[in-house]
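Residues per chain, in single letters:
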Amino acid sequence: MTTHPEDKARIARQFIEAIPFSQALQMRLEEIGNGVAVISMPWSDALVGDPRGGVIHGGAVSALMDTCGGAAVMSHPEALAGTATIDLRIDYMRAAAPGERITARAECYHLTRSVAFVRATAWDADEDRPVATATGAFTVARAGAGGTA
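Definitions and limits used
Each chain carries its own residue numbering, running from 1 in the direction its sequence is written. At least 70 in pLDDT is required for a residue's local features to be given in this predicted model, at least 80 for side-chain atom pairs to be given and counted, and no such filter applies to totals for whole chains, interfaces and linings, which use all residues. As a rule here, side-chain values cover all heavy atoms of the structure and leave hydrogens and water aside. Pairing between strands is defined by DSSP: at least two bridges between the two strands are required. Secondary structure elements follow DSSP: runs of H or I of four or more residues count as helices, runs of E of two or more count as strands, with numbering from the N terminus. Where helices are involved, their axes are fitted lines through C-alpha atoms of the stretch in contact, as for all axes, and angles between N-to-C directions lie from 0 to 180°. Salt bridges, as used here, are contacts in which a Lys or Arg side-chain nitrogen is within 4 Å of a carboxyl oxygen on Asp or Glu. Stacked, edge-to-face and tilted labels apply to pairs of Phe, Tyr and Trp rings (six-membered ring for Trp) whose centres lie within 6.5 Å, assigned for plane angles under 30 degrees, over 60, and everything in between, in that order. Geometrically, a lysine NZ or arginine CZ counts as sitting over a ring once it is within 6 Å of the ring centre and also within 35 degrees of the ring normal. We define the nonpolar core as a collection of buried residues of types Ala, Val, Leu, Ile, Met, Phe, Trp, Tyr and Cys that are connected through side-chain atoms lying within 4.5 Å of one another. Relative accessibility under 20% of the residue-type maximum defines a buried residue, over 50% an exposed one, and the middle range a partly exposed one, all with a 1.4 Å probe and only protein chains included. Every residue pair with non-hydrogen atoms within 4.5 Å of one another is taken to be in contact.

Structural notes on the sheet that holds strand E6 (residues 102–111)
The strand order across the open sheet built from six strands is E1-E2-E6-E7-E8-E5, with neighbouring strands paired in antiparallel fashion. Across the chains shown, the open sheet's two edge strands, defined by having one partner strand only, are strand E1 (28–33) and strand E5 (85–92). Within the sheet, the average angular offset between the axes of one strand and its neighbour, ignoring direction, is 15°.

If you want it as structure tokens, here you go:
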């Protein structure tokens with residue numbers, strides 16, 4: 001039995017929205033499906049890492065990108081719903097503009113029997129200048145590869 005893409009998206013959305021950490025960071029799932037996820041997070045005083053400049057802490061950006069990467073894996077047509085981060089490498093390109101919402105887009109671009117590979121980008125209002133990019137590896141169970149979907 002296969003899980004329909006709409007059901008996978010619904011399951012991923014419910015999972016992301018149920019994570020207390022995602023709720024604390026006020027993450028909002030903007031788009032999900034076919035191995036792609038877009039999640040945004042508002043700027044908040046509570047997330048500032050540099051009080052003098054009002055710049056959001058890199059840890060909040062990494063949490064956003066990690067969550068977005070996991071959501072992308074969960075929505076991939078060949079993956080079952082659950083996943084966990086194995087490795088995540090983040091390159092910070094610049095500080096996000098104080099006061100602006102940050103958005104991340106992740107794509108699950110390759111699956112093996114047990115590992116999903118993801119690329120992600122995060123930006124603020126200036127989509128042409130990324131705040132950060134990431135590559136990651138996540139656990140995955142594939143439909144027809146020892147699991148049932």
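Things to note about the pattern of salt bridges
Using the criterion set out here, one finds five salt bridges in the structure. A salt bridge links Asp-126 to Arg-129, with the shortest nitrogen-to-oxygen separation between them at 3.5 Å.

Looking at the packing of aromatic side chains
Two measures describe an aromatic ring pair: the distance that separates the ring centres and the angle between the ring planes. Scanning the model with the defined rule gives zero aromatic pairs in all. The cationic tip of Arg-119 hangs over the ring face of Tyr-109; the distance from NZ or CZ to the ring centre is 3.6 Å.

Structural notes on the nonpolar core
Ranked by internal contacts, the top residues of the largest apolar core, which has 39 residues, are Ile-39, Met-41, Ile-56 and Met-65. At the level of elements, helix H1 (5–18), E1, strand E2 (36–41), helix H3 (58–74), E6, strand E7 (115–123) and strand E8 (132–139) are the ones that each hand at least two residues to this core. The dominant element in this core, judged by the number of residues it contributes, is H3, at ten residues.

Considering the environment of His-76
Inspection of the secondary structure puts His-76 in the loop between H3 and E5. Overall, His-76 belongs to the buried group, its relative accessible area being 12%. With 19 residues separating them along the chain, His-76 and His-57 place their C-alpha atoms 30 Å apart. Those residues within four positions of His-76 in sequence are excluded, and the remaining contacts are Lys-8, Asn-34, Gly-35, Cys-108 and Leu-111.

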